[in-house]
Amino acid sequence: MGDKASTRRRVPYARQCIDQSDIDAVVETLQSDFVTQGPRIESFEEGLKAVSGAAHAVVVSSGTAALHVAYAALGIGTGDIGIVPAITFAATANALKYCGADPVFCDVDPDSGLARPADFANAIERLGSDGKSTKVLAPVSYSGRLCDLKAISKIARNAGAFVVEDAAHSLGASRDGTVSGSCRYSDAAILSFHPVKHICAGEGGAVLTNDETVARRARSLRSHGIVKEPTLTRSEGGWAYAQEALGWNYRMTDLQASLGESQLKRLDAFVESRRDRARRYDEAFRADLFGHCFERPYFDPQSSWHLYVVRFRDSDLRRRAYEWLQNEGIGVQVHYRPVYRHPYYERLGEGPLPGAESFYERCLSLPLYPSLADSDQIRVIAVLEEFCQTV
Ligand SMILES: Cc1ncc(COP(=O)(O)O)c(C=O)c1O
């Protein structure tokens, strides 16, 4: 097979979907009085509250910053332990390290990549046998599907731990009436507005919570730990502000917020197009000619389908499929290498965990985004069919 990728238009595995209304919104902000910390921040936050149902939304500069701020606002600090699914983007664990805390990794379902309540319970038990306890559980709504947050929150309550839903993949998803990010069963949730996600703000993220104190702390921490207290301004003067904690500059700009807010108006349409494309894959891959090669994911109609992840029979087949598709100009990706395998975390001596290993060895994410053209998706399916015929 020659290097066809160079002669054909590449189909990426993910991409943003920007239209004229988004461009107009950003240009309008550029021409306004504020390019940062202006009115777009609050109106984007209002929009996020409306779609998630959470009482408070605090937008920040990235999903990673949102994780850092959420953990810190809950008081996670030096020496604490948080339980993170092994299959996630490293940021879920990294943000604990930023707080001086340590992640402990729990296993996941080898078929869905989602951490199950028993996975958290096992990790808590493992810690308990070493005389340790956990301060926070961080279920990840991997690929756009929610974990069993109700059961996980019960386990957390019994362990005296908080729950932070990493909802970077799942804006617009729900499970049995619980909306991702609503914080019905979590103390906080976080979103990411990286271009591969459901809505794009260039970069950006948000902390969602129903707890006013957590929201207030998050608001202060995103901007150096500064608050403007009426008592202080009354006694000292209108200029006075107080830095009450050590925070960071994690502020989102109005440029980002105007893009995010404009995109949010099309969230339902984005999620619907992702579902339609996931359905097309699902229908195509029912055919016998794929079954000997890979398994398709469970078609969850409540998922917001950030990723469409198939599972190959074994790691060798997955590697060959990856190379075949890349060579044909089709962007595919592996989400994720278990976090404990990264050299930075290897020294913790965690893993291997059987579900995470099995998932990692077989998974491959196929192109999925709202603007994925029918003809491109048909080509992805045809190229996979060609590959499966070689097996
Ligand atoms: C599960 C998960 N959590 C957190 C993040 C971090 O988000 P960001 O890239 O906006 O910092 C990502 C980003 O890919 C992610 O996939």
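The model shown is predicted, which means the values in this text are computed figures rather than measured ones. Every residue gets a number counted from 1 within its own chain, in the order that chain's sequence is written. The predicted origin of the model limits local features to residues at a pLDDT of at least 70 and limits the giving and counting of side-chain atom pairs to 80 or more, whereas totals for whole chains, interfaces and linings rest on all residues. With hydrogens and water set aside, each side-chain value is computed from the structure's full complement of heavy atoms.

1. Some points on empty space enclosed by the protein
Any empty space left between the atoms is revealed when a probe the size of a water molecule rolls over them.
Next up, step 1: Here a cavity is any set of points on a 1 Å grid over the protein atoms alone where a 1.4 Å probe fits but cannot get out, and a pocket is any open set with protein on both sides within 12 Å along at least 5 of 7 lines; a residue lines the site when it has an atom within 4 Å of a point. Grid points are joined across faces, edges and corners, and a volume is the space filled by probe spheres set on the points. Overall, the coordinates contain 1 cavity of 30 Å³ or more when judged by the stated rule.
Next up, step 2: Taken together, Arg 15, Gln 16, Cys 17, Pro 195, Lys 197, His 198, Gln 263, Phe 270, Arg 274 and Pro 370 make up the lining of the largest cavity.
Next up, step 3: Counting only domains with at least three residues in the lining of the largest cavity, you end up with domain 1 (20-266) and domain 2 (268-389). Start and end points for every domain follow an automatic or database-based domain assignment.

2. Quick look at the sheet that holds strand 13 (residues 308-312)
Next up, step 1: In spatial order, the strands read 12-13-14; together these 3 strands make up an open sheet with antiparallel pairing. On the outer flanks of this sheet lie strand 12 (294-295) and strand 14 (363-366), each paired with one strand and no other.
Next up, step 2: Sheet topology note: the strand 13/strand 14 ladder contains 4 bridges and is antiparallel. Each bridged residue has a counterpart across the sheet, and for Val 309 the counterpart in strand 14 is Ser 365.
Next up, step 3: Any two residues whose heavy atoms approach within 4.5 Å are treated as being in contact. Only the stretch in contact is used when a helix axis is fitted, and all axes are lines through C-alpha atoms; the angle between N-to-C directions ranges over 0 to 180 degrees. Segments assigned H or I by DSSP are reported as helices when at least four residues long, segments assigned E as strands when at least two residues long, and all are numbered from the N terminus. Most of the contacts of helix 12 (residues 315-327) go to strand 14, to which it runs at about 25°, and overall it touches strand 13 and strand 14. Any two strands are treated as partners once DSSP identifies two or more bridges connecting them.

3. Some remarks on the side chain of Thr 178
Next up, step 1: Within the secondary structure layout, Thr 178 lies in strand 7 (residues 178-179).
Next up, step 2: Distance and chemistry together define a polar contact, namely a pair of N or O atoms within 3.5 Å, with one atom able to donate a hydrogen and the other to accept it when in protein, and with adjacent residues in sequence counting only for side-chain atoms on both sides. In terms of polar contacts, Thr 178 uses its side chain to reach the side chain of Arg 184, at 3.1 Å.
Next up, step 3: Look past the residues within four positions of Thr 178 in its chain and what remains in contact with it is Leu 146, Ala 173, Arg 184 and Tyr 185.

4. Remarks on the site of the ligand
Next up, step 1: For this purpose, a residue is taken to be near a molecule or strand whenever a single non-hydrogen atom of the residue falls within 4 Å of it. Residues in close proximity to the ligand total 16 residues, the closest being Gly 63, Thr 64, Asp 166, Ser 192 and Lys 197.
Next up, step 2: A distance of 2.9 Å separates an oxygen atom of the ligand from a polar atom in the side chain of His 169.
Next up, step 3: Residue Ser 192 places a side-chain N or O atom 2.8 Å away from an oxygen atom belonging to the ligand.
Next up, step 4: Residue burial considers only the protein chains on display, and all accessible areas are found by Shrake-Rupley using a 1.4 Å probe. Considering the ligand on its own, with 390 Å² of exposed area, one finds that the protein chains cover 91% of that surface.
Next up, step 5: Elements with a contribution of two residues or more to the shell around the ligand: helix 3 (63-73) and helix 4 (91-98).
Next up, step 6: Sorting elements by how many residues they give to the shell around the ligand places helix 3 first, with 3 residues.

5. Brief notes about the pattern of salt bridges
Next up, step 1: Should a side-chain nitrogen of Lys or Arg be within 4 Å of a carboxyl oxygen of Asp or Glu, the pair is scored as a salt bridge. One pass over the structure, following the stated rule, counts 26 salt bridges.
Next up, step 2: Residue Arg 266 pairs with Asp 22 through a salt bridge whose shortest N-O separation is 2.8 Å. Placement of Arg 266 in the loop between helix 9 (254-264) and helix 10 (267-284) and of Asp 22 in helix 1 (residues 20-30) is noted, with a sequence separation of 244 residues between them.
Next up, step 3: Think of it in three bands: with a 1.4 Å probe and only protein chains considered, a residue is buried below 20% of the maximum accessible area for its type, exposed above 50%, and partly exposed in between. Judged by relative accessible area, Asp 22 falls into the buried class, the value being 0%.
Next up, step 4: For Asp 316, the salt bridge goes to Arg 320, with nearest N and O atoms at 3.9 Å. Within this pair, Asp 316 and its partner Arg 320 are both found in helix 12, separated by 4 residues, close to a single helical turn.
Next up, step 5: Residue classification places Asp 316 among the partly exposed positions, given a relative accessible area of 45%.
Next up, step 6: Overlapping salt bridges bring together Asp 111, Glu 295, Arg 311 and Arg 362 as one network.

6. Description of the packing of helix 2 (residues 39-52) against helix 9
Next up, step 1: Across the interface, helix 2 lies against helix 9 with an axial gap of 8 Å and an inter-helix angle of 30°. In terms of crossing hand, the pair formed by helix 2 and helix 9 is left-handed. Contact residues: Pro 39, Arg 40, Ile 41, Ser 43, Phe 44, Gly 47, Leu 48 and Val 51 in helix 2; Asp 254, Ala 257, Ser 258, Gly 260, Glu 261 and Leu 264 in helix 9.
Next up, step 2: Classification convention: Asp, Glu, Lys, Arg as charged; Ala, Val, Leu, Ile, Met, Phe, Trp, Tyr, Cys, Pro as nonpolar; all other residues, Gly among them, as polar. For the contact of helix 2 with helix 9, the residue count by class is 7 nonpolar, 4 polar and 3 charged. By definition, turning the near helix anticlockwise from the far helix through less than a right angle yields a left-handed crossing, and turning it clockwise yields a right-handed one.

7. Some remarks on the environment of Tyr 360
Next up, step 1: Within the secondary structure, Tyr 360 sits in helix 14 (residues 354-362).
Next up, step 2: Spatially, the C-alpha atom of Tyr 360 lies 10.0 Å from that of Arg 318, the residues being 42 residues apart in sequence.
Next up, step 3: Here Tyr 360 is in contact with Ile 87, Arg 318, Val 334, Tyr 336, Arg 337, Pro 338 and Arg 341, once residues within four sequence places are set aside.

8. Topic: the sheet that holds strand 4 (residues 136-137)
Next up, step 1: The strand order across the open sheet built from 7 strands is 1-9-8-5-4-2-3, with neighbouring strands paired in mixed fashion. Strands at the two margins of the open sheet, each flanked by one partner only, are strand 1 (56-60) and strand 3 (102-106).
Next up, step 2: The pairing of strand 8 (residues 188-192) with strand 9 (residues 205-209) spans 4 bridges and is classified as antiparallel. Residue pairing for strand 9: Ile 190 is matched across the bridge by Val 207.
Next up, step 3: The strands that helix 2 touches are strand 1, strand 8 and strand 9; relative to strand 1, the one it contacts most, it runs at about 130°.

9. A look at the side chain of Glu 165
Next up, step 1: Following the sequence through the fold, Glu 165 ends up in strand 5 (residues 162-166).
Next up, step 2: For the charge count, each Lys or Arg is scored as positive and each Asp or Glu as negative, with His and the chain ends excluded. For the buried Glu 165, which has no salt bridge, the nearest side chain bearing the opposite charge is Arg 175, at an N-O separation of 10.0 Å.
Next up, step 3: Among the polar contacts listed, one links the side chain of Glu 165 to the side chain of Ser 141, at a separation of 2.6 Å.
Next up, step 4: The residues touching Glu 165, leaving out its near neighbours within four places in the chain, are Pro 139, Ser 141, Leu 146, Leu 149, Ser 170, Ser 180, Gly 181, Ser 186, Ala 188, Ala 189 and Ile 190.

10. A look at a positive patch on the surface
Next up, step 1: Surface patches are defined over residues having more than 30% relative accessible area and no salt bridge, joining like charges when they lie within 9 Å and nonpolar side chains (Val, Leu, Ile, Met, Phe, Trp, Tyr) when within 5 Å. We put the charge of a Lys on NZ, of an Arg on CZ, of an Asp on CG and of a Glu on CD. On the surface, a cluster of positive charge is contributed by Lys 150, Lys 154, Arg 157 and Arg 184.
Next up, step 2: Looking at where Arg 157 falls in the secondary structure, it is placed in helix 6 (residues 149-159).

11. Observations concerning the nonpolar core
Nonpolar side chains tend to gather and get buried jointly when the protein is soluble and globular.
Next up, step 1: One finds Tyr 71, Ile 87, Phe 105, Tyr 142 and Val 164 to be the most contacted residues of the largest nonpolar core, which totals 67 residues.
Next up, step 2: Shared between two domains, this core holds at least three residues of each, these being domain 1 (20-266) and domain 2 (268-389).
Next up, step 3: Every residue in contact with Val 164, bar those within four places of it in the chain, is listed here: Ala 70, Tyr 71, Leu 74, Val 136, Leu 137, Ala 138, Pro 139, Ala 188 and Ile 190.
Next up, step 4: Grouped together as the second largest cluster of nonpolar side chains are 29 residues, Phe 294, Trp 305, Ile 330 and Ile 381 included. Among buried residues, the Ala, Val, Leu, Ile, Met, Phe, Trp, Tyr and Cys ones that are joined through side-chain atoms within 4.5 Å form a nonpolar core.

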